[in-house]
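Listed below, chain by chain, are the residues.
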Amino acid sequence: MNRTRRLRDFGQSLWIDTIRRGWIEDGSLARLIEEDGLAGITSNPTIFEKAIGGSADYDAQLADLLAASPRAGAGELFEALAVADVQRACDLLAPVYAETGGEDGYVSLEVSPYLAHDTAGTEDEVRRLWRAVDRRNLMVKVPATPEGIPAIERLTGEGINVNVTLMFSLAHYEAVAWAYIRGLERLAESGDDAALGRVASVASFFVSRVDSKVDPRLDRIGTDEARELRGKIAIDNSKLAYRRFRELFHGEPFARLAARGARRQRVLWGSTSTKDRAYRDVVYVEELIGPETVNTVPPATVDAFRDHGEAAETVTRGWDDADRRLATMARLGIDLDEVTEDLQREGVLAFAESYDRLLAALEGKRRVLLADGAAGRQRVFVGRALGPIGRRLDAFGDRRIERRLWSHDRTLWSAEPVPELLDRMGWLNLPETQFDRAVEWAELAAEAADGCERVLLLGMGGSSLAPEVFAAVLGPREGFPRLGVLDSTHPEAVRRAAAASDPARTLHVVSSKSGTTTETLSLFRFFWRRAVEALGEEAAGRRFVAITDPGTPLARLAAERGFRRTVEAPPEVGGRYSALSPFGLVPAALLGVDPAALLDRAWEAGFAFGPERPARVNEAVALGAALGELAAAGRDKLTFLTTPALAAFPGWIEQLVAESTGKEGRGIVPVVGDDVGETGAAGDDRVYVGLALDGDGEAAVAARLRALERAGHPTVGLRLRDRLDLAGEMLRWEIATAAAAIVLGVQPFDQPDVQLAKDLAREAIAGGGGAAVAGAIPAGDDDLPRRLAESLGACAAGDYLALHAYLPPGSPVDEALSRLRRALAERTGCAVTLGWGPRFLHSTGQLHKGGPPTGVHLQLVDTPADDLAIPETDLTFARLIASQAAGDRRALEQRGRGVLAVDLGADAAAALERLAEAVAAGAPAAV
């Protein structure tokens, strides 16, 4: 007789610990059942990882699944593949199940290892898998973790067959056995004795791993007494678990249930392949044979036992010797409870890591079989930083960062229930939560386009930056109005916006999350007065739309004044994460862009960067890990290169990254609009990001990145297939920024230093400040050369120079600022950033005050030639912007940041030109 079949003579069932489609299809499984007496199959993520990732057996079904559902997550794909295998295996073993009266013939499928510490999640998934497989001879594997124990009880009470796994100690076994008994008692209370007799369970007790953990400790002790215990503790530990099985299931605790036909929960020996070559290769089979046991072994161990295994009842022998040896081990100082708890924790992690690799293997196959949307368009070169970033991704994987992020787990950033973490995570779900509203916004756009030549958006920061990018990248569709954004309180900027806008043919969009933003309300009052004077109050209201959170002062104002529409935004989304909310999508719709198409692209990206993509293959999480580690290592200047069509996009990324990470003395400094020179001149504090649109000169950006890589600089290359991909890239950067904040140890959703500048600006207003900034040195002052030289001299390697331009954007000022910026970069060798005031106060202003103390700040103000009153107030725009500049400067000084303020006078462009020439000359002179 075949040696493996002899195990049945001693009451032991042989199950095999593997599953593979080709093995089912080529008859290997059927032969094992027939020839070896195989009576069951177990599986786990490691087994499926090798089966799916290491063969082409699953490619045909995977292609069909992707054709039917291209956006199916990796977990969903795996489940479909695994369920198909398990169903076929169950059908092959159905005769065994029938012949043994339900004692054998089972196939085990593991619940997600991510749920090992989630009782409710485990129960829900087991029930779902039970329904999906729909076979009476299925067992679902549940780990014997503290969270798994109550799930085992409840699921057993529902008549579901459970294979309890990852048991290493008597304490684990005791908890599992009682959970099964309590579950049967629940089932017995229903009075359904037939169901009570059908439910089956095994308690999988892991064997060889105990020796793998204990033997090295015995070797370190090194005494003869210690060496005598090598290779024995795992078997002794298992035999005592079996002894407890006999006491519980053949004694009083189970007697009443047994009388009603309930099945005993057999002990299953797992991990019975030999790890130490010094031991007999079938020792963990031979030493644990006995009645009402199962041994689940890998194919190699089946082959070995078939060849030379010896069958005899052994599990009932040597219990006293086992007690003695375990007592000796304890006396030698080895705590078996500690060992087995470590083994259970490591087992959970090992299965989770295998599951990660399995999902990664599926993602690799997806990319071969299907063009995969947002994934596969990112290329990261990190050079010598590969090791730290790899270790960070391993840590992210261990902590399940991607899953916890998508489940809105605030503890990724803070153990305390910080308000911004409790109510600012809704941005992840915008593609789903806002999709049904897209029709409403498209209808508003079509209605507003009739007779409208221009849309003028009045907003700041998160309310204005995404619309500005959409306008620049997507532009107006034919038949739809142009969109302009006004986020400056400089009177000249306001005057220019008014000159370009006919009140009768302009739709004014007043956009503010809080509904209290000083700049936005000031701009509203100016354009409201202008519209009322031209159209009358009732008609003026039809030319205004508000975008704000529910119940804000702006919402009430809009109702009072008869706005055409008030669009409510989801309050659980912060401003800089609001691009895919009404703050970004309503203005996009007014341009004629289909908001549903943008949300659809973002939804596609949600699959590419979603919770089922482990950190190592989750491009957005991996990008965040890289940026965070590089910044922590001194590469904190995030510098952008773009193809022409995407030139506006880094301006949106700038606010997101700077305001999210720039706090507590840490952060990433975005450098936007920098004219990157020769690679040799690039600093060692840089990371370069290339943003390329297909067909838009992408080869030039790729060539620049390759040159930077050859010079040793880290680079990130991102490619967009078309302009709508912008929405997916926004989600990529939002996730990456949140992940980078984890690395840097900062909270990404607050802005603690922004309020200070606002408070100080209000103080300046209340103090009656004039149009000029008190303390600013005039451009023609004789002391300016010395003061400027001191500031530039303070800009050392690794620092950055920040230009704060409280000036009117547009020609000729911006051309003069560009020349000054280049001159400053060449003079100092530092990265030079540029922010328009007061707009940057709502973005990089947080970084300047709360981020790395490496900034040298140059504030540039002017004296507007013509001021404008702000209706309904006693303020003017010149006084407002001067007060904002004063508040900003005082806030910087209070945070210990050096700042030099220069008043450029009435002709800012000319003064900037003279200043640029003086800086370029190397020894600043009076300008």
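In this text the structure is predicted, and so the values were computed from the model without any measurement. (Residues numbered from 1 in each chain as written. Predicted model: local features only at pLDDT ≥ 70, side-chain atom pairs only at ≥ 80, totals over all residues. Heavy atoms only, no water.)

Asker: Just checking my understanding: could you explain the overall build of the chain for this structure?
Answerer: For the chain, the helix and strand inventory stands at 39 helices and 23 strands. Out of the 927 residues belonging to the chain, those deemed buried represent 60%. Counting only contacts in the chain whose residues sit at least 6 apart along the sequence, the fraction spanning at least 24 positions is 81%. Counting every atom, the chain has about 33,300 Å² of accessible surface; 49% of that belongs to carbon and sulfur. Each charge sign in the chain was given a centre, from 109 positive and 136 negative side chains, and these centres are 1 Å apart. (Helix = DSSP H or I, 4+ residues; strand = E, 2+ residues; numbered from the N terminus. Buried < 20%, exposed > 50% of the residue type's maximum accessible area, 1.4 Å probe, protein only. Contact = heavy atoms within 4.5 Å. Areas by Shrake-Rupley, 256 points an atom, 1.4 Å probe, with all protein chains shown as cover. Lys, Arg positive; Asp, Glu negative; His and termini not counted. Charge placed at Lys NZ, Arg CZ, Asp CG, Glu CD.)

Asker: Hey, could you run me through the pairing of strand β4 (residues 138-143) in this one?
Answerer: Every regular strand shows the same layout, with side chains that alternate between the two sheet faces. Most of β4 is tucked away, with 6 of its 6 residues classed as buried. Pairing of strand β3 (residues 106-110) with β4 involves 4 bridges; the strand directions are parallel. Looking at the pairing, Leu109 lines up with Val140 of β4. One crossover worth recording links β3 to the parallel β4 by way of helix α6 (residues 119-133), and it is right-handed. (Pairing = 2+ DSSP bridges. Right-handed = clockwise from strand over helix to strand, strands pointing away.)

Asker: Would you mind going over the sheet that holds strand β8 (residues 293-297) with me for this structure?
Answerer: Two orientations exist for strands paired in a sheet by backbone hydrogen bonds: parallel and antiparallel. Spatially, the 8 strands close up into a barrel ordered β1-β2-β3-β4-β5-β6-β7-β8, and their pairing is parallel. If you compare each strand with its neighbour and ignore which way they point, the axes differ by 30° on average. Alignment of strand β1 (residues 12-16) against strand β2 (residues 38-41), held across 3 bridges, turns out to be parallel. Counterpart to Trp15 in the pairing with β2 is Gly40. (Axes fitted to C-alpha atoms, helices over the stretch in contact; angles between N-to-C directions.)

Asker: Can you help me understand the environment of Ser883 in this one?
Answerer: Secondary-structure assignment places Ser883 in helix α38 (residues 877-894). For the pair Ser883 and Ala757, spaced 126 residues apart in sequence, the C-alpha separation works out to 10.0 Å. For Ser883, the contacting residues outside a window of four places in its chain are Ala761, Ala764 and Ile765. Within polar-contact distance, the side chain of Ser883 engages the backbone oxygen of Arg879 at 2.8 Å. (Polar contact = N/O pair within 3.5 Å; in protein donor to acceptor, adjacent residues only side chain to side chain.)

Asker: Hey, could you run me through unusual backbone geometry in this one?
Answerer: When glycine is set aside, most residues are seen to have a negative phi, and most peptide bonds are trans. In this chain, Ser811 is followed by Pro812 through a cis amide linkage whose omega measures -5°. Residue Gly837 is joined to Pro838 through a cis peptide bond whose omega torsion reads 5°. Of note in this structure, Glu292 is not a glycine but carries a positive phi near 60°. Secondary-structure assignment places Glu292 in the loop between α14 (283-286) and β8. Backbone geometry at Glu664 places phi at a positive 55°, although glycine is not the residue there. Inspection of the secondary structure puts Glu664 in the loop between α31 (649-661) and β16 (669-671).

Asker: Sorry, what's going on with the packing of aromatic side chains here?
Answerer: Aromatic ring pairs are reported here in terms of the distance separating the ring centres and the angle at which the planes meet. With the rule as written, the count across this model stands at 25 aromatic pairs. Judged by centre distance (6.4 Å) and plane angle (45°), the rings of Trp15 and Tyr106 are tilted. Residue Trp15 is found in strand β1, and its partner Tyr106 is found in strand β3; the two are separated by 91 residues along the sequence. Across this residue pair, the class does not change: Trp15 and Tyr106 are buried. Through a chain of ring-to-ring contacts, the aromatic side chains of Tyr180, Tyr242, Phe245, Phe249 and Phe254 assemble into a single cluster. (Phe/Tyr/Trp six-rings, centres within 6.5 Å; stacked < 30°, edge-to-face > 60°.)

Asker: For this particular structure, what's the right way to read the sheet that holds strand β18 (residues 715-720)?
Answerer: One open sheet holds the 5 strands; their spatial order is β9-β18-β17-β15-β16, and the pairing between them is mixed. Unpaired on one side and paired on the other, β9 (378-381) and β16 mark the two borders of the sheet. Strand-to-strand twist of the sheet, defined as the mean angle between neighbouring strand axes without regard to direction, takes the value 20°. Sheet topology places β9 next to β18; 4 bridges connect them, and they run antiparallel. Bridge pairing links Val380 to Val716 in β18. Sitting on the sheet, α31 is in contact with β15 (637-642), β16 and β17 (686-693), with an inclination near 165° to β15.

Bear in mind that shape data such as this cannot, by itself, settle questions of function.
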